[in-house]
Amino acid sequence: MNRKPIVNFIMILCGAALLVLARFVFDADSVKQIAGLCYGFGAMSLALGVGGLIDHTIVSRIETEEAKKRKEIEVGDERNTRIREKAGAGANRILFYLLNAVILICAFLGESLTVILLLAGLEVADLILIIALSNRYSKTM
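Source: prediction; values computed, not measured.

### Focus: the overall build of the chain
Reasoning step 1: Looking only at helices and strands, the chain features five helices and zero strands.
Reasoning step 2: Moving toward the C terminus, one meets the helices and strands of the chain in the order α-α-α-α-α.
Reasoning step 3: Rg of the C-alpha trace for the chain: 23 Å, well past the compact-globule value of 14 Å for 141 residues, more than 25% over.
Reasoning step 4: With the C-alpha coordinates of the chain rotated into their principal frame, the extents come out at 55 × 45 × 20 Å.
Reasoning step 5: Taken over 141 residues, the chain has a buried fraction of 12%.
Reasoning step 6: Excluding contacts between residues fewer than 6 apart, the proportion of contacts in the chain whose partners are at least 24 apart in sequence is 52%.
Reasoning step 7: As displayed, the chain offers around 11300 Å² of accessible surface, 69% of which is attributable to carbon and sulfur atoms.

So this is what it looks like as structure tokens:
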């Protein structure tokens with residue numbers, strides 16, 4: 001018995017329950033943050049549950065064995081792997097510059113030092129990851 005539809009159905013029920021709680025139970029001003037959390041987690045759970053249920057019911061009927069084999073070949077294809085690697089490296093490079101711009105904008109707008117240091121910490125973590133992963137992959141390849 002496949003349990004995936006059951007999990008998706010439970011996610012839908014939990015999401016709906018959280019949305020109802022946020023709307024009708026946590027409506028006082030003193031618990032607005034809890035209501036916001038319930039709205040966020042409820043919407044996320046509801047959307048993921050509905051999406052998973054649709055994926056399980058519709059996509060599994062459409063996919064044939066031949067399509068599954070073709071998909072496995074394309075996922076493991078060396079050309080597609082290289083394309084994904086280049087796309088990831090390009091996205092990382094662009095996000096690095098965007099994060100630098102956000103740090104400068106926060107500094108010029110007079111944001112708190114904590115926010116600026118957190119963003120700068122992300123920059124340092126990104127550089128450390130690039131160095132560590134480059135060393136790891138250079139040894140394995």
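The rest of the description comes next.
### Focus on the side chain of N8
Reasoning step 1: With respect to the helices and strands, N8 occurs in helix α1 (residues 4–25).
Reasoning step 2: When its relative accessible area of 5% is taken as the criterion, N8 is described as buried.

### Examining the environment of A43
Reasoning step 1: Position of A43 relative to the elements: it lies in helix α2 (residues 32–62).
Reasoning step 2: The exposure class of A43 is partly exposed, given its relative accessible area of 40%.
Reasoning step 3: Separated by 36 residues in sequence, A43 and R79 have C-alpha atoms that sit 38 Å apart.
Reasoning step 4: Every residue in contact with A43, bar those within four places of it in the chain, is listed here: L19 and C38.

### Points about the side chain of S45
Reasoning step 1: By secondary structure assignment, the location of S45 is in helix α2.
Reasoning step 2: Among the residues examined, S45 registers a relative accessible area of 10% and is labelled buried.
Reasoning step 3: Leave out the neighbours within four places in its chain, and S45 touches M11, I12, C14 and G15.

### Some details on the packing of aromatic side chains
Reasoning step 1: Tallied over the entire structure, the rule returns one aromatic pair.
Reasoning step 2: The interplanar angle of 70° and the centroid separation of 5.8 Å between the aromatic rings of F96 and Y97 together place this pair among those described as edge-to-face.
Reasoning step 3: A residue is classified by how much of its surface remains accessible, and F96, at 22% relative accessible area, is partly exposed.
Reasoning step 4: The exposure class assigned to Y97 is exposed, which follows from its relative accessible area of 55%.

Basis of the calculations
- Residues numbered from 1 in each chain as written.
- Predicted model: local features only at pLDDT ≥ 70, side-chain atom pairs only at ≥ 80, totals over all residues.
- Heavy atoms only, no water.
- Helix = DSSP H or I, 4+ residues; strand = E, 2+ residues; numbered from the N terminus.
- Rg over C-alpha atoms; globule rule 2.2 N^0.38 Å.
- Buried < 20%, exposed > 50% of the residue type's maximum accessible area, 1.4 Å probe, protein only.
- Contact = heavy atoms within 4.5 Å.
- Areas by Shrake-Rupley, 256 points an atom, 1.4 Å probe, with all protein chains shown as cover.
- Phe/Tyr/Trp six-rings, centres within 6.5 Å; stacked < 30°, edge-to-face > 60°.

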